[in-house]
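# Secondary and tertiary structure notes
Now for the letters of each chain:
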Amino acid sequence: MCLPFLFAQGSGHLTVGAIRKVEGRRNAAVVARIPVTVEAGYHVNSNAPLEDYLIPLKLAWTAKGALEGGEPIYPKASTEKYEFAEKPLSVFTGSFEIAASFKVAAGAPAGPGIAAGKLTYQACNTKMCFRPATVDISVPYQVD
Amino acid sequence: MRRLSISAFLFAVLALGCFFVFRSSGNRTVNAESLRPASQRKLAPDFALKDADGRTVHLSDYRGKVVLLDFWATWCGPCRMEIPWFIEMQRDNRDRGFEVLGVSMDDNGWEDVKPFLAEMKVNYRILIGDDRTAEVYGGVESLPTTFLIDREGRIAVVHVGLTSRRDIQDGVEQLLRSDPKVALDRDLVSALSLRPR
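For clarity, every value in this text was computed on a predicted model and none was experimentally measured.

Quick notes on the rules
- Residues numbered from 1 in each chain as written.
- Chains lettered and ligands numbered in written order.
- Predicted model: local features only at pLDDT ≥ 70, side-chain atom pairs only at ≥ 80, totals over all residues.
- Helix = DSSP H or I, 4+ residues; strand = E, 2+ residues; numbered from the N terminus.
- Buried ≥ 20, exposed ≤ 12 C-beta atoms within 10 Å, placed from the backbone.
- Contact = placed C-beta atoms within 7 Å.
- pLDDT = per-residue confidence, 0-100.
- Pairing = 2+ DSSP bridges.
- Axes fitted to C-alpha atoms, helices over the stretch in contact; angles between N-to-C directions.
- Parallel < 35°, antiparallel > 145°, perpendicular 65-115°, else oblique.
- Left-handed = near helix turned anticlockwise from the far one by under 90°.
- Nonpolar A, V, L, I, M, F, W, Y, C, P; charged D, E, K, R; others polar.

### A word on the overall build of chain B
The number of helices and strands found in chain B is six helices and nine strands. Counting every position in chain B, which comprises 197 residues, the buried fraction comes to 36%. Residue pairs at least 24 apart in sequence account for 75% of intrachain contacts in chain B once pairs closer than 6 positions are excluded.

### A look at the confidence of the model for chain B
Regions with low pLDDT carry predicted coordinates that are not meant to be interpreted in detail. Residue and element names in this part refer to chain B. In this model, chain B carries an average pLDDT of 83, and 74% of its residues clear a pLDDT of 70 or more. Residue range residues 16–33 is modelled with pLDDT below 50. Its contacts to residues more than four positions away, or to other chains, number seven contacts. Reported for the predicted complex are a pTM of 0.80 and an ipTM of 0.86.

### Focus: the sheet that holds strand β8 (residues 145–149) of chain B
Residue and element names in this part refer to chain B. The strand order β1-β9-β8-β4-β5-β6 describes an open sheet built from six strands, whose pairing is mixed. Both outer strands of the open sheet, β1 (42–43) and β6 (125–128), are each paired with one neighbouring strand and no more. Where strand β4 (residues 66–72) lies against β8, five bridges are found, and the strand directions are antiparallel. Paired with D70 across the bridge in β8 is T146.

### Let's talk about the sheet that holds strand β2 (residues 22–24) of chain A
Residues and elements named next belong to chain A. Spatially, four strands are ordered β2-β13-β10-β5 in an open sheet, and the strand pairing comes out mixed. Unpaired on one side and paired on the other, β2 and β5 (58–63) mark the two borders of the sheet. Pairwise comparison of adjacent strand axes, ignoring direction, gives a mean angle of 30° for this sheet. The pairing of strand β10 (residues 111–121) with strand β13 (residues 133–143) spans 11 bridges and is classified as antiparallel. Considered in β13, the bridge of I114 is made with P140.

### Points about the packing of helix α2 (residues 77–93) of chain B against helix α5 (residues 165–177) of chain B
The description of two packed helices rests on the angle between their axes and on the distance between the axes. Residue and element names in this part refer to chain B. Between α2 and α5, whose axes approach to 11 Å, the crossing angle comes to 25°. What the angle tells us is that α2 and α5 run roughly parallel. Between α2 and α5 the crossing geometry is right-handed. Here W85, M89 and N93 of α2 lie close against α5, whose contacting residues are R165, I168, Q169, V172 and L176. For the contact of α2 with α5, a count of residues per class yields five nonpolar, two polar and one charged.

The structure is reproduced here in structure tokens:
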């Protein structure tokens, strides 16, 4: 009956745009900027949800290559009230950037590379939520 | 003139009859529009999932009852809003051949679900779902997704996302009122087969 409709309900309500290459010499500080867009009418929980039961947005690195650090810097979240929650929620909507500050390793070989990570998120709209999803993140870099 | 009087009399009797039938069926009207006609319903896929006590539960165990099958998760705000409604529906309708079954889609399973059940004092059976079960029910990417299943095990309606309490209650009520004999017959057969000889 509604099965085709259910199949069409993907959890792909967040997209990550092209990430510009970061470039620097050994020991230099470089910042990667990850552009994220949440589909209109949807929200994702921020990195610091106000309720314990909510799943936060989280960027984690799996392979940093010649880069070190990479602590994510999330934008300021907005606080929104939804019909389904008693209290306002801390969420991200629309387009925003997550920054990651790296340092080029002292012993890094010159040349290109890729730092890889995963962005985990959980999206909802005003009526329903979608199962947690993960997007692969690739930050291209160049060691001069 | 006489023919007109007879018609008026018959109309009045019919109207009075309808009034009493309506009164005897409860004081609320039921929104019948949301349910599929019985002839167009498809059989709900069976599953075998574990409950909190480790017992395997099949959907087919509930044949003869009206089942509200709720796919939900602890991290889902709209799901959490509906759960108190389901607790009430279970309490109010259990004796009428109605059961709520919750299928949690929490990745961490009982670790996350059991504390929540205790906190909310959930009075109906919860099962831990898996990808296979979600798949046979169409993917269930959106939560909550609530299936109302009739006494014959057929899907009467699917609510995707937060639905009004009234819509769900009306659907349950209509299914409970339809053909209760099926459930009564099953209960009778069950009782007779258990009676010592």
